[in-house]
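Analysis of the macromolecular model
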Amino acid sequence: MRCGIAPWPMFVLTLILISSVSVYCPAADPPAATDLPELGKAIRALVDKDYPYLDALYKHLHAHPELSFQEKETAARLAKEMRQIGFEVTENVGKTGLVCVLKNGSGPVILVRTDMDALPIVERTGLGYASQVRVRNAEGREVGVMHACGHDVHMTCWIGTARVLAQLKDRWKGTLVFIAQPAEEIGGGARAMLEDGLFKRFPKPDYALALHCDGQAPYGTVNYTEGPSLANADAVDIIVRGRGGHGAAPHQTIDPVVIAARIILDLQTIASRETDPLDAVVVSVGAIHGGTKHNIIPSEVHLQLTVRTFKDATRQHVLEAIERIAKAAAQAARAPEPIVRVHPGEFTPSLVNDIPLTRRTVAALKAVLGEDKVLPRPPVMGAEDFSRYAQAGVPVCMFRIGTVEPQRIEEARQGGRPLPSLHSDEYYPIPEPTIKTGVLAMSVAVLNLLAR
Ligand SMILES: [Zn+2]
Ligand SMILES: [Zn+2]
């Protein structure tokens, strides 16, 4: 019916088509159900056999992290792996990104994305394969580098899935577009790849899939959110301007520290007094810089904000409110107009998981992993630039995989040591069950969309 043909004629036509030529209709219902539990068994056997290889790859990637847009060695290693598997690999898409294509007859085009970048954090996990890497950041300061968001797990599952799908080529038809994306952590990599022609130079996907580590969920499990899943994230700078002078003669100055303090408190009234309490909004001032010494009133104070919303109209309202509040506080203090800058380059749109794709994927994951291992989770105010592929017109689904020992979660629940979150210098996944579940889940998700 979605092809515009009445049910009975379509049934007859389908029989004719099946017996003559195979025709791919992207809007058609999924192909006749593959025996998913049997498929799961076959994939599990492949992953078990492949695990020593994946374990070594994971530990190598973990020990050699690179910062956003500097993922040169990482990309080179992944390119080598993908060529060995049989993918056609194009390097340097969106600076350091990779696009790897494997064609296997006519059928849907499925994009599978991994991110590659690590964070400027000194690792304190005490693991034998912990990162010892130190680099200089853009300001020339020495920083540690750590895969504290699990992107090393994502890359390993991505390679593992490619290896499984290449071995099961007789079970699917279509085109795989595996992309390794740079700079997720600074919200720039997906945009860079799209601007470099990701959907023009390479087959445009019918669906896009990705997975992400979950630092609070037990390994062996998957969780998912239908529809809005992660928030719009904006970065805003406010430069509060005053007139500097002696700290003992404030009447001869216009004190930007006091104006900044007023702005910070007034900003909290946006979420509490201006927007619908049921429509989530976060305005956090993450940095405040001003002044040099006790007895000097500075001439400027610099605030840096992160702003999280779900709806576009709410986003516009909150950004306008920030500017209005900053200007009003300055005017009340006879100060020059402040500079309020929203950084378009640091905007990450809300991640909205396509509902039909998510339901279809979740049904397959439940059939293989078990109903109790695949659980819904509410949206959170984090952000992910995987959303950019959805904005470019592709239905997307990102699910999360558990990474932690169930016993540690139980201890934390009972008042023990809290679990470190992603981005913590103490966060670590348990590699074997995490990676095995990730490869199994992603392979099933892809095959469920491609199976003959
Ligand atoms: Zn992260
Ligand atoms: Zn991440």
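Residues numbered from 1 in each chain as written. Chains lettered and ligands numbered in written order. Predicted model: local features only at pLDDT ≥ 70, side-chain atom pairs only at ≥ 80, totals over all residues.

**Considering the domain arrangement of the protein chain**
One can read the domain layout of the protein chain as domain 1 (31-230 + 350-450) and domain 2 (233-346). Using C-alpha coordinates to define each centre, domain 1 is positioned 37 Å away from domain 2. In this assembly, five residues from domain 1 lie in contact with six residues from domain 2. Looking at side-chain class alone, the side of domain 1 that touches domain 2 contains three nonpolar, two polar and no charged residues. (Domains from an automatic or database assignment. Contact = placed C-beta atoms within 7 Å. Nonpolar A, V, L, I, M, F, W, Y, C, P; charged D, E, K, R; others polar.)

**Structural notes on the pairing of strand S1 (residues 88-93)**
In terms of strand pairing, S1 meets strand S2 (residues 97-104) through four bridges, oriented antiparallel. Bridging from a neighbouring strand, Glu88 pairs with Val101 of S2. Connecting S1 to the antiparallel partner S2 that follows it, the hairpin turn spans three residues, and Gly94 within it adopts a positive phi of roughly 65 degrees. (Pairing = 2+ DSSP bridges. Helix = DSSP H or I, 4+ residues; strand = E, 2+ residues; numbered from the N terminus.)

**Some words on helix H8 (residues 312-332)**
Along its 21 residues, H8 runs 30 Å from first to last C-alpha, staying within 8% of the 30 Å computed at 1.5 Å per residue. The set of residues buried in H8 consists of Arg315, Val318, Ala321, Ile322, Ile325, Ala326, Ala329 and Ala330. An end-on view of H8 places all buried positions within 160 degrees of arc, on one side of the element. In H8, the exposed residues that point more than 90 degrees away from the buried face are Asp312, Ala313, Gln316, Glu320 and Ala332. On its buried face, H8 is in contact with strand S10 (232-241), helix H7 (256-274), strand S12 (281-290), strand S14 (300-309) and strand S15 (339-342). One or two residues past the end of H8 sits Arg334, with phi positive at roughly 60 degrees. (Expected span 1.5 Å × (residues − 1). Buried ≥ 20, exposed ≤ 12 C-beta atoms within 10 Å, placed from the backbone. Arc of directions from axis to C-beta.)

**Structural notes on the pairing of strand S3 (residues 109-115)**
Among the seven residues of S3, seven are classified as buried, and the element is accordingly described as predominantly covered. The alternating pattern of S3 places Val109, Leu111, Arg113 and Asp115 on one face and Ile110, Val112 and Thr114 on the opposite face, and all of these are buried. As paired elements, S3 and strand S6 (residues 174-181) share seven bridges and run parallel to each other. Opposite Val112, over in S6, you have Phe178 as the bridge partner. The pairing of S3 with strand S7 (residues 207-218) spans four bridges and is parallel. By the bridge assignment, Val112 is partnered in S7 with Leu209.

**Description of the packing of helix H4 (residues 151-167) against helix H12 (residues 431-450)**
One way to put it is that H4 packs onto H12 with a least axis distance of 8 Å and a crossing angle of 50 degrees. In terms of axis orientation, H4 runs oblique to H12. When you trace H4 past H12, the crossing you get is right-handed. Along its contact with H4, which presents Val153, Thr156, Cys157, Gly160, Thr161, Val164 and Leu165, the element H12 presents Thr434, Ile435, Gly438, Val439, Met442, Ser443 and Val446. In terms of residue class, the contact of H4 with H12 is built from eight nonpolar, six polar and no charged. (Axes fitted to C-alpha atoms, helices over the stretch in contact; angles between N-to-C directions. Parallel < 35°, antiparallel > 145°, perpendicular 65-115°, else oblique. Left-handed = near helix turned anticlockwise from the far one by under 90°.)

**Brief notes about the sheet that holds S6**
The mixed open sheet is built from eight strands, whose spatial order is S1-S2-S6-S3-S7-S18-S8-S17. Every other strand in the sheet has two partners, leaving S1 and strand S17 (374-376) as the edge strands with one partner each. On average, adjacent strands in this sheet sit at an angle of 25 degrees to one another, irrespective of strand direction. Relative to S6, S2 runs antiparallel, the two being bridged by seven bridges. Paired with Lys103 across the two strands is Thr175, which belongs to S6. Taken strand by strand, H4 contacts S2, S3, S6, S7 and strand S18 (396-404), and its axis lies near 150 degrees from that of S3.

**A few points about the sheet that holds S10**
Here four strands make up an open sheet; going across it, the order is S12-S14-S10-S15 and the pairing antiparallel. With one partner strand each, in any of the chains shown, S12 and S15 form the two edges of the open sheet. When strand polarity is set aside, the average angle formed by the axes of neighbouring strands in this sheet is 20 degrees. As defined by bridge partners, S10 adjoins S14 across ten bridges and the pair is classed as antiparallel. Bridged to Val236 within S14 is Leu305.

**A short note on the packing of helix H2 (residues 36-63) against H12**
Between H2 and H12, the least distance of the axes is 9 Å, while the angle of their chain directions is 130 degrees. Put simply, H2 runs oblique to H12. The way H2 lies across H12 gives a crossing that is right-handed. Residues Leu39, Gly40, Ile43, Arg44, Val47, Tyr51, Leu54, Asp55 and Tyr58 of H2 touch H12, and the partners they reach there are Pro431, Glu432, Ile435, Lys436, Val439, Leu440, Ser443, Val444 and Leu447. Among the residues forming the contact of H2 with H12, the class breakdown is twelve nonpolar, two polar and four charged.

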